[in-house]
Amino acid sequence: MGYRARMFAAWMLAGALLAGSSSAQALDEVRAALVVRPDDVELRRTALRLAFAHKRWSDVLAWTDGRSRFRGERARALFFLARYREALELLDAADDEEAFLVLDALEALGELERHDRVLAEVRARLGAADARVAAAEGRVALREGRFQEACERFGSALASDPWCLAAHFGLGRARLGAGDVPGARVALEEHRRLVPLFDELDFAQRGVELDPAHGPNHAKVGDVERAIGRLPLAHAAYLRALEHSTGAERVPVVLRLARFLEEDVGDSDAAVGLLGAELQADFEPRLAVRRGDVLARAERLEEALAAYRAVLRQRPDDAAVLRRIAELEAR
Amino acid sequence: MKRALHAVLLTVLLTACSGDEPPVTPTVQALAPEARRLLDVTQDWGLSFVHERGATDERQLPETMGHGAALFDADEDGDLDLYVVQGGSYRERSLTAPTNRLFANDGGRFRDVTPTSGAAADPGYGMGVAVGDGDGDGHADLYLTNFGLDRWLTGDGTGAFVDATEAAGIHDDRWTTAVTYFDPDADGDLDLFVAGYVAIDVDDPPWCGRRDPAWRTVCHPDQFEGLADRLWINDGRGRFTEESVARGVAGAPGKGLGVVAIDVDDDGWTDLYVANDSVENHLWRNLGDGRFEDGTLLGGVGVNRFGATEAGMGVAAGDLDDDLDPELIVTNFDHESHTVYRNEGQARFSDATPSFGIEAATRLPVGFGVLALDLDLDRDLDLAVLNGHIVERVALYDDAQTWRQAAQVFTNVDGRLSLDLELGGELVATPRVGRCLVAGDLDGDGDEDLVATECGGRTRVFENRGPRVATRRLDGLTIGTRVRATYADGRVVVREAGPAASYLGSGSPAVLLPSQGLVSIERRVPGGDWR
C-alpha cells in the first residue's frame, strides 16, 4: 500500500469492508441506481465509498462534480490523483484530517513557505504535542538546519506516538545534524527495526483490501500489529478476523486470538472463554488442547485435566495429550 | 561501420593525444532552426528490436521487469554501437530462443551484426548488462545478468565476443539484475558488483491479486525472499573471486534493481549505491582500500524523508545543485514519488525531493530508467525518466493507473527541476512501458542521445536535436574518473566518467562538456590525485 496510502487506510478499509467480496458487482449496482436516483444522498455516499475502495477515481470525480456536499470526497480523490492544485482549492485546512493532506500537497508542490504557514495554523488548533504536527515541525526544523529544535519536535512526536516511523527517522537525522552520532545511531537502529514490520503491515493490509471478507487476511494484520506492539489495533484486527472466518480457516484465527489474549492482554480468562465458546459450537481437538494449556498455565489444573481428557475421548492415543496429562498429574 | 557524415549535422573530429591523456573530442553542431527536443529516430536508424517478455496467464514477476541495453564502441571504430538484452521464455530455453542482439552504428543507421557477435547472442532470459574492460586487454567485455545463469563475455574489439564465464570463475544462476563495473580498490582493473533480486519458483507461482483469472497480477516483491548482492574482485587477468562478505558488502539481502558506482564523499574512492525494491536501499562506503562499510544508516539514503522504504528501481547520480558533489536519484513506485537525495557532504544525504521540484510530478508514475545528464547543454544536469507500470491490467485495481506511462524530462534551472515537454519531445509524447534508458552521443554531434527500452515493446532511439552548442567530449577515461571543469565565468562543474546504469543498462562512459568558456579540465582517477 505504501506509506502515503496510510493516509487513506481508514477510508480504504471502511470501503473495502462495505464492499465485501462481490464488490465489483456492488459498484455496478450503485452506479446503475445512481442513474435512477441521482438525488439520493445516502446512495451517493455509499457509491463514493465503494468507488474509493476500488480506486475508481473517474467515478468519484463524476459523482462529485458540482456537488458541494461531497467536496471532501472530491478533494481526496484529486489528492490521490496527484492533482494537488485542484485538490488544494477544495481541501479544508481547518479540518483536522484534511489539513494533513493540504500539508502533503503543498510539500509535494514545493510550496514550502505556504506549507510552514499552514502547519503553524494546524499546530495552533491541534496542539504542539500532536504526533503528526510534531513530526511535520521536526521535518521543517531539520530541513532548515535547526537540529536541536528538530530533536525536541521528533521527541515530542514519539512521546505521543511511539511507532511514528517518520519521527524515529527524523530524530536520528536531527541528532546526527546536532553532532550526537551515538544518539543518532540509537534512533536510526530503532527505526531500522520497525521499518520491515510496517512494510509487512502494508503488505497485510493490501490483502485485506483485496479480500476484506477473508478472515485470515485480518489475522495477518493482527499478527503484524502484535509484533509492532500496537495491541489495541492487533486486538481489533483479530476480532475482525474472527468475524470473517468460517470452517477450517477459523481454528487458526481462534488460536491466534487466544494466544494474544493470554500473552499480550494477560487475560487468561478471556482466552479460556473464547476457546470454550468455540468448542461448544464445534469440538476441535486443537482448540481443546490449547484451552487445556491456558488453564494449566493459569494453575487451573483440574479444569486443564478435564480439557485434555475431553480430547482423549476423541483421540485416545494422542501422545502429546497423554504427556500433558501425565505432567499435570505429577504436579 | 565507418563513421559517416550525418545528413543534418556536421561533425568535426579532432583528437588530441599526448602521453596518457585521454582523447578530447571537440564537436560542433550545425545550426538547427527548431528548439532543442528529443526526436524518435528509431526508423531512421533502422533499429528493429521488440522485447519478448514471455507473458503468461500466471503473471510471474520476470515478465514485467523489462530489459537492459548498452551503448559502447563494440567494434572500436569510434562510434557507439547498441547492445540490447532480450527476454523470451523464463521457463525453458530452446535452440530457437530469441537472443540478445548487437547493432553496429554505421554512421546514422544501426546494422544487426548479431550473427557475427559470437556469444553476445546470448539466449538467456536477459535482464541487465554492464560494459567494461574486465580482462585488461583494451577491449570492452560484457557482464550479462539473467533470470538464470549470468554470462561474462570477453570482446576482441571487432564486435565478436566469447563466453568466458567459467574461465573467469564466475558462477551465478540466481535472479540477478543490476550490474556495474568499477574499480573500488584502485588497482587498475575493473571489478564487478551484481545485484540479486528475489528468489522465486516459476514452477509453483503463488496466485496474487483477486481470485479471478482476469484479475490475476504480478506478486509484490514482499512475497519473496531477497537475494544477496555479489562483489566479484578481479585478479587483473580477468579471473574473479566473490568477496562481498570479505569486503563488507553484506548484510540484509536487498532486492536490488539499480546500482550506481560513484564517489559520494569526494575522498577519491568509488562507493556504491543500490536501489532496492520495497526494502531499504543501501549505500556502501569505500573505506579507501576496496573494503566497504554500510553507510546507509548515517547516510540517510535507505528510506525517504518520512522514514519509509520505497520500491527502488532505477538509480542515477549527478551534481544537480551545482555544489560539486553528486546527488542520488532513485525512481520508485506509484504514490511514492521518485526521490532525490541531496548530498550534504561526508556521505550524508537528505531527501530533498520537494526542493528539487519533482515530488508532485513523479508521485503517480512508476519509474524505471533514470539519467542525470546535460540534455540542453547549459552545463547543469537535467533529468530524464522512463515510466511504466508493472501490472498490465492495473486499471482494474486503480483506474488512475495505466500500464503504459509517459516518460518525463525535467530541465534544471538553478537547482530546481521542471517538467519540460518541449525538450522531452517525442520521448515523452507517447506513453510506453518504459524500463531502461541509456545515453550517448550516437550521431557524434556533441550532445547526448537516448535509447529507451520497453517491456514487451520496441526499443527506440531518440536523437537530441537542437541549436548549435560546441561541446568537448572526454573519451577513454578510466571508469570512476572524476572530472572538474572550470569555465571563464568562474563556474565549475563536476562529472564522473563511467557508464550510467540507469536501470539494467550501460550508457556511454564519456564525459561531455559544453566547451564555450571552458578554461581548464582536471581529472582524478579512483584512488588518485587531481591533475
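Predicted model, so just to flag it, every value in this text is computed and none were measured.

What counts and what doesn't
- Residues numbered from 1 in each chain as written.
- Chains lettered and ligands numbered in written order.
- Predicted model: local features only at pLDDT ≥ 70, side-chain atom pairs only at ≥ 80, totals over all residues.
- Helix = DSSP H or I, 4+ residues; strand = E, 2+ residues; numbered from the N terminus.
- Rg over C-alpha atoms; globule rule 2.2 N^0.38 Å.
- Buried ≥ 20, exposed ≤ 12 C-beta atoms within 10 Å, placed from the backbone.
- Contact = placed C-beta atoms within 7 Å.
- Pairing = 2+ DSSP bridges.
- Axes fitted to C-alpha atoms, helices over the stretch in contact; angles between N-to-C directions.
- Nonpolar A, V, L, I, M, F, W, Y, C, P; charged D, E, K, R; others polar.
- Core = buried A, V, L, I, M, F, W, Y, C linked by C-beta atoms within 7 Å.
- Expected span 1.5 Å × (residues − 1).
- Parallel < 35°, antiparallel > 145°, perpendicular 65-115°, else oblique.
- Left-handed = near helix turned anticlockwise from the far one by under 90°.
- pLDDT = per-residue confidence, 0-100.

Draft legend 1. Structural view of the overall build of chain A. When helices and strands are counted, chain A shows 19 helices and zero strands. Taking 2.2 N^0.38 as the reference for a compact globule, 331 residues should give roughly 20 Å; the C-alpha atoms of chain A span a radius of gyration of 25 Å, well beyond that estimate. Across its three principal directions, the C-alpha atoms of chain A cover 75 × 65 × 25 Å. The buried share of chain A, taken over its 331 residues, is 44%. The long-range share in chain A, meaning contacts at least 24 apart out of those at least 6 apart in sequence, stands at 43%.

Draft legend 2. Up close: the overall build of chain B. Summing up its helical and strand segments, chain B has three helices and 36 strands in all. Taken over C-alpha atoms, the radius of gyration comes to 21 Å for chain B, in line with the 24 Å a tight globule of 531 residues would show. Expressed as lengths along the three principal axes of its C-alpha atoms, the size of chain B is roughly 65 × 50 × 50 Å. Going through the 531 residues of chain B one by one, you find that 61% of them count as buried. Long-range contacts, defined here as pairs at least 24 residues apart, represent 60% of the contacts in chain B between residues at least 6 apart.

Draft legend 3. Here's a closer look at the sheet that holds strand β8 (residues 141-146) of chain B. Residues and elements named next belong to chain B. On the basis of which strands lie adjacent, the open sheet formed by four strands has the order β7-β8-β9-β10 and antiparallel pairing. In this open sheet, the two edge strands, each paired with only one partner strand, are β7 (126-132) and β10 (161-163). With strand direction ignored, the average angle separating the axes of adjacent strands in the sheet is 25 degrees. One ladder, built from six bridges, connects β7 with β8; its direction is antiparallel. Along β8, the bridge assignment pairs G132 with D141.

Draft legend 4. Representation of the interface of chain B and chain A. With 30 residues of chain B at the interface, the matching set in chain A holds 33 residues. Of all the elements in the fold, those that place two or more residues in the side of chain B that touches chain A are α1 (296-299) and α2 (353-356) of chain B. Across the side of chain B that touches chain A, the residue classes tally to eleven nonpolar, nine polar and ten charged.

Draft legend 5. Representation of the sheet that holds strand β30 (residues 449-454) of chain B. Residues and elements named next belong to chain B. On the basis of which strands lie adjacent, the open sheet formed by four strands has the order β2-β31-β30-β29 and antiparallel pairing. In this open sheet, the two strands that pair with only one neighbour each are β2 (37-40) and β29 (434-440). With direction set aside, neighbouring strand axes in the sheet form an average angle of 25 degrees. For β29 and β30, the ladder comprises five bridges, and the chain directions are antiparallel. Counterpart to L437 in the pairing with β30 is A452. Here helix α3 (residues 421-429) sits on the sheet and contacts β2, β30 and β31 (460-465); the angle it forms with β2, its principal contact strand, is near 15 degrees.

Draft legend 6. View of the nonpolar core. Counting 138 residues, the largest nonpolar core has B:V259, B:Y273 and B:V315 as the members making the most contacts within it. For B:V259, the contacting residues outside a window of four places in its chain are B:A178, B:T180, B:F193, B:A195, B:L272, B:V274, B:V315 and B:A501. Among the nonpolar cores identified, the runner-up in size contains 62 residues, and A:V122, A:A131, A:A157 and A:C164 belong to it.

Draft legend 7. Expanded view of unusual backbone geometry. Residue and element names in this part refer to chain B. A positive phi angle, close to 75 degrees, is found at L324, a residue other than glycine. Tracing the sequence through the fold places L324 in the loop between β21 (315-318) and β22 (327-330). Judged by local crowding, L324 falls into the partly exposed class, with 14 C-beta atoms found within 10 Å. Here L504, not a glycine, exhibits a phi torsion of approximately 65 degrees, which is positive. Within the secondary structure layout, L504 lies in the loop between β34 (492-496) and β35 (511-514). The exposure class assigned to L504 is buried, which follows from the 34 C-beta atoms found within 10 Å.

Draft legend 8. Fine view of helix α11 (residues 165-177) of chain A. Residues and elements named next belong to chain A. Compared with the 18 Å implied by 1.5 Å per residue over 13 residues, the 18 Å span of α11 between its first and last C-alpha is a close match. A large share of α11 lies buried, amounting to 13 of its 13 residues. A positive phi of about 90 degrees marks G179, the residue just after α11.

Draft legend 9. Molecular detail of the pairing of β31(B). All names here are of chain B. With six of six residues buried, β31 is to be regarded as a mostly interior element. Residues R460, F462 and N464 point to one face of β31 and V461, E463 and R465 to the other, with burial holding for every one of them. In this structure, β2 lies alongside β31, joined through four bridges in antiparallel fashion. Residue pairing for β31: L39 is matched across the bridge by E463. Two elements, β30 and β31, share three bridges in a ladder whose sense is antiparallel.

Draft legend 10. Molecular detail of the environment of B:E392. Residue and element names in this part refer to chain B. You can see E392 is positioned in the loop between β26 (382-387) and β27 (408-413). The class for E392 is buried, based on 20 C-beta atoms found within 10 Å. Spatially, the C-alpha atoms of E392 and T180 are 29 Å apart, while their sequence positions differ by 212 residues.

Draft legend 11. Highlighting the packing of helix α7 (residues 98-108) of chain A against helix α8 (residues 112-126) of chain A. Residues and elements named next belong to chain A. Two numbers describe how α7 lies on α8: the axes approach to 8 Å, and their chain directions differ by 165 degrees. It follows from the interaxial angle that α7 and α8 lie roughly antiparallel. As for the relative orientation of α7 and α8, their crossing is left-handed in sense. For the pair α7 and α8, the contacting residues are A99, V102, L103, L106 and E107 in the first and L112, R114, H115, V118, L119 and V122 in the second. Class assignment for the residues of the contact of α7 with α8 results in eight nonpolar, one polar and two charged.

Draft legend 12. Structural view of the packing of α11(A) against helix α12 (residues 181-210) of chain A. All names here are of chain A. Their axes nearest at 8 Å, the elements α11 and α12 cross at an angle of 160 degrees. Classified by the angle their axes make, α11 and α12 are roughly antiparallel. Here α11 and α12 pass one another in a crossing that is left-handed. Here L165, H168, F169, L171, G172, R175 and L176 of α11 come into contact with α12, specifically with V181, G183, A184, A187, L188, E190, H191, L194, V195 and F198. The class makeup of the residues in the contact of α11 with α12 is eleven nonpolar, four polar and two charged.

Draft legend 13. Quick look at the environment of B:D449. Residue and element names in this part refer to chain B. Position of D449 among the secondary structure elements: in strand β30. Under the C-beta neighbour-count criterion, D449 is labelled buried, with 25 such atoms within 10 Å. Linking D449 and G209, residues 240 residues apart in sequence, is a C-alpha distance of 39 Å. Among residues more than four places away in sequence, those in contact with D449 are A439, G440, D441, L442, D443, V461, F462, E463 and N464.

Draft legend 14. Examining the environment of A:H54 more closely. Among the secondary structure elements, A:H54 is positioned in the loop between α3 (41-53) and α4 (57-64). Through-space distance from the C-alpha of A:H54 to that of A:L210 is 9.2 Å; in sequence the pair is 156 residues apart.

Draft legend 15. Seen up close, the confidence of the model for chain B. All names here are of chain B. Mean pLDDT over chain B: 93, with 94% of residues reaching 70 or higher. Here residues 1-21 is modelled with pLDDT under 50, and outside its nearest four sequence neighbours on either side it reaches 40 contacts, counting other chains as well. Taken together, the chains of this predicted complex give a pTM of 0.91 and an interface ipTM of 0.90.

Draft legend 16. Focus on helix α16 (residues 268-281) of chain A. Given a rise of 1.5 Å per residue, 14 residues ought to cover 20 Å, and the 20 Å separating the end C-alpha atoms of α16(A) matches this to within 8%. Among the structural elements, α15 (250-264) and α17 (285-297) of chain A are those in contact with the buried residues of α16(A).

Draft legend 17. Local environment of the confidence of the model for chain A. Residues and elements named next belong to chain A. Mean pLDDT over chain A works out to 92, with 93% of the residues at or above the 70 mark. Low pLDDT (under 50) marks residues 9-14, which in the prediction has seven contacts with non-local residues, meaning those over four places away or in another chain. Across residues 17-21, where pLDDT falls below 50, the model places 14 contacts with residues more than four positions away in sequence or in other chains.

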